[in-house]
Amino acid sequence: MAQMGRPRTFDRDQAITEAMHLFWEHGYDATSLAQLKQGLGGGISAPSFYSAFGSKEALFQECVARYLSTHGRVTAPLQDLALTPRDAIETALRQSAAMQSEPGHPRGCMVALGGMSAPSVGSVEVAHALDASRARTRAGFVACVQRGIASGELRADTSAMALATVFDSFLSGVSISARDGVPAVALQAAVSQIMRLWDEAVQH
């Protein structure tokens, strides 16, 4: 009779979280299989790794899905029509800035920082979920500005794309600042500053 394989010695759910933190901290390309195997439950064998996750690429996709359904929800207010467009933008920016600088996980945004290295592997599929998330966020900013124009809150000559791009670029910059250790209080003050651009475009 064939000998039964040794049971897994790690919690798969916890392993996904640990792997997510590694990809978040180092990016897709720079995170090696050796790091992943060592970080999952104190180290697992290569056969166990492939049995559990299939491949590094498949594990990365699971980690991205985990991030988007948890930490990545901070930008969900951009799609919340119950909020005024200004409140939607400010809430998304404040929530994201707070999340990116809180303890318990790598600083910065996995969607922004992970996307810097994922495309270099030459696999469109690896980066697809990150690309789609960034596109959704950009579209959310545009939609909020367009709502502000349509409601008459913002001047009719306001460029929705230009103003939305400013907010989106600011959010990307928060990722670098948070990773560099800029304090949370400074990031929140910066959000207050960037929101003045909305107020300057208000119809008087």
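First, a word on what this report is: a plain description of the structure on this page. The structure presented is a predicted model; accordingly, all values stated were derived computationally and were not measured.

### Re the packing of aromatic side chains
Then comes step 1: As enumerated under the stated definition, the model contains seven aromatic pairs in all.
Then comes step 2: For the ring pair phenylalanine 23 and phenylalanine 60, a centre distance of 4.9 Å and an interplane angle of 85° mean the geometry is edge-to-face. Pair noted here: phenylalanine 23 is in helix α1 (residues 12–26) and phenylalanine 60 is in helix α4 (residues 56–69), with a separation of 37 residues, a long-range link.
Then comes step 3: Judged by relative accessible area, which is 0%, phenylalanine 23 ranks as buried.
Then comes step 4: Ring centres 6.2 Å apart and planes at 25° place the aromatic pair phenylalanine 141 and phenylalanine 167 in the stacked group. Remark: phenylalanine 167 occurs in helix α8 (residues 160–179) and phenylalanine 141 occurs in helix α7 (residues 124–150); sequence separation between them is 26 residues. The two residues phenylalanine 141 and phenylalanine 167 agree in class, both being buried.
Then comes step 5: These aromatic residues form a ring-pair network of at least three members: Phe23, Tyr28 and Phe60.

### Some details on the nonpolar core
Most often, soluble globular proteins keep nonpolar side chains buried together rather than apart.
Then comes step 1: Within the largest apolar cluster, 27 residues are counted, with the highest numbers of intra-cluster contacts made by Phe23, Phe53, Leu59, Phe60, Cys63, Tyr67 and Met110.
Then comes step 2: Looking at this core, the elements with two or more residues in it are α1, α3 (46–53), α4, α6 (110–114) and α7.
Then comes step 3: Residue contributions to this core peak at seven residues, all from α1.
Then comes step 4: The contact partners of tyrosine 67, leaving out residues within four places of it in the chain, are Met20, Trp24, Gly72, Met99, Gly108, Cys109, Met110 and Val111.
Then comes step 5: Core analysis: the second largest hydrophobic core is formed by 26 residues, Phe141, Val142, Leu171 and Ala178 among them.

### A few points about the packing of helix α5 (residues 85–101) against α8
Then comes step 1: In contact at an axis separation of 10 Å, α5 and α8 are set at 15° when each is read in the N-to-C sense. Put simply, α5 runs roughly parallel to α8. Crossing of α5 against α8: the hand is right-handed. Residues Ile89, Leu93, Ser96, Ala97 and Gln100 of α5 pack against Phe167, Phe170, Leu171, Val174, Ser175 and Ala178 of α8.
Then comes step 2: In the contact of α5 with α8, the residues fall into eight nonpolar, three polar and no charged.

### Side note on α3
Then comes step 1: Among all positions of α3, only Phe49, Ala52 and Phe53 are buried. The arc that holds every buried residue of α3, seen down its axis, measures 75°, which confines them to one face. In this structure, α3 carries Pro47 and Ser51 as exposed residues pointing more than 90 degrees from its buried face.
Then comes step 2: Glycine 54 sits one or two residues past α3 and shows a positive phi near 90°.

### Examining α1
Side chains that are three or four residues apart share a direction in an α-helix, a result of its 3.6 residues per turn.
Then comes step 1: Given a rise of 1.5 Å per residue, 15 residues ought to cover 21 Å, and the 21 Å separating the end C-alpha atoms of α1 matches this to within 8%.
Then comes step 2: Taken together, the buried positions of α1 are occupied by Ala15, Ile16, Thr17, Ala19, Met20, His21, Leu22, Phe23 and Trp24.
Then comes step 3: In this fold, the buried residues of α1 make contact with α2 (33–39), α3, α4, α5, α6 and α8.
Then comes step 4: Its side-chain oxygen at 3.0 Å from the backbone nitrogen of aspartate 13, aspartate 11 defines the N-terminal cap of α1.
Then comes step 5: Where α1 ends, the next residue or the one after it, glycine 27, has phi of about 85°, a positive value.

### What about the layout of surface pockets?
Then comes step 1: Put simply, the largest pocket is a space of about 240 Å³.
Then comes step 2: Along its surface, the largest pocket is lined by 19 residues, and Cys109, Val111, Arg134, Thr137 and Leu171 are the ones closest to its centre.
Then comes step 3: At the level of secondary structure, the elements contributing two or more residues to the lining of the largest pocket comprise α5, α6, α7 and α8.
Then comes step 4: For the lining of the largest pocket, a count of residues per class yields seven nonpolar, nine polar and three charged.
Then comes step 5: The calculated volume of the second largest pocket comes to roughly 170 Å³.
Then comes step 6: Lining the second largest pocket, in full, are Leu68, Gly72, Arg73, Thr75, Ala76, Leu78, Gln79, Ser133, Arg136 and Thr137.
Then comes step 7: When its residues are assigned to classes, the lining of the second largest pocket shows three nonpolar, five polar and two charged.

Procedures and definitions
- Residues numbered from 1 in each chain as written.
- Predicted model: local features only at pLDDT ≥ 70, side-chain atom pairs only at ≥ 80, totals over all residues.
- Heavy atoms only, no water.
- Phe/Tyr/Trp six-rings, centres within 6.5 Å; stacked < 30°, edge-to-face > 60°.
- Helix = DSSP H or I, 4+ residues; strand = E, 2+ residues; numbered from the N terminus.
- Buried < 20%, exposed > 50% of the residue type's maximum accessible area, 1.4 Å probe, protein only.
- Core = buried A, V, L, I, M, F, W, Y, C linked by side-chain atoms within 4.5 Å.
- Contact = heavy atoms within 4.5 Å.
- Axes fitted to C-alpha atoms, helices over the stretch in contact; angles between N-to-C directions.
- Parallel < 35°, antiparallel > 145°, perpendicular 65-115°, else oblique.
- Left-handed = near helix turned anticlockwise from the far one by under 90°.
- Nonpolar A, V, L, I, M, F, W, Y, C, P; charged D, E, K, R; others polar.
- Arc of directions from axis to C-beta.
- Expected span 1.5 Å × (residues − 1).
- Polar contact = N/O pair within 3.5 Å; in protein donor to acceptor, adjacent residues only side chain to side chain.
- 1 Å grid on protein atoms, 1.4 Å probe; cavity = no way out; pocket = protein on both sides within 12 Å on 5 of 7 lines; lining within 4 Å.
- Points joined across faces, edges and corners; volume = space filled by probe spheres on them.

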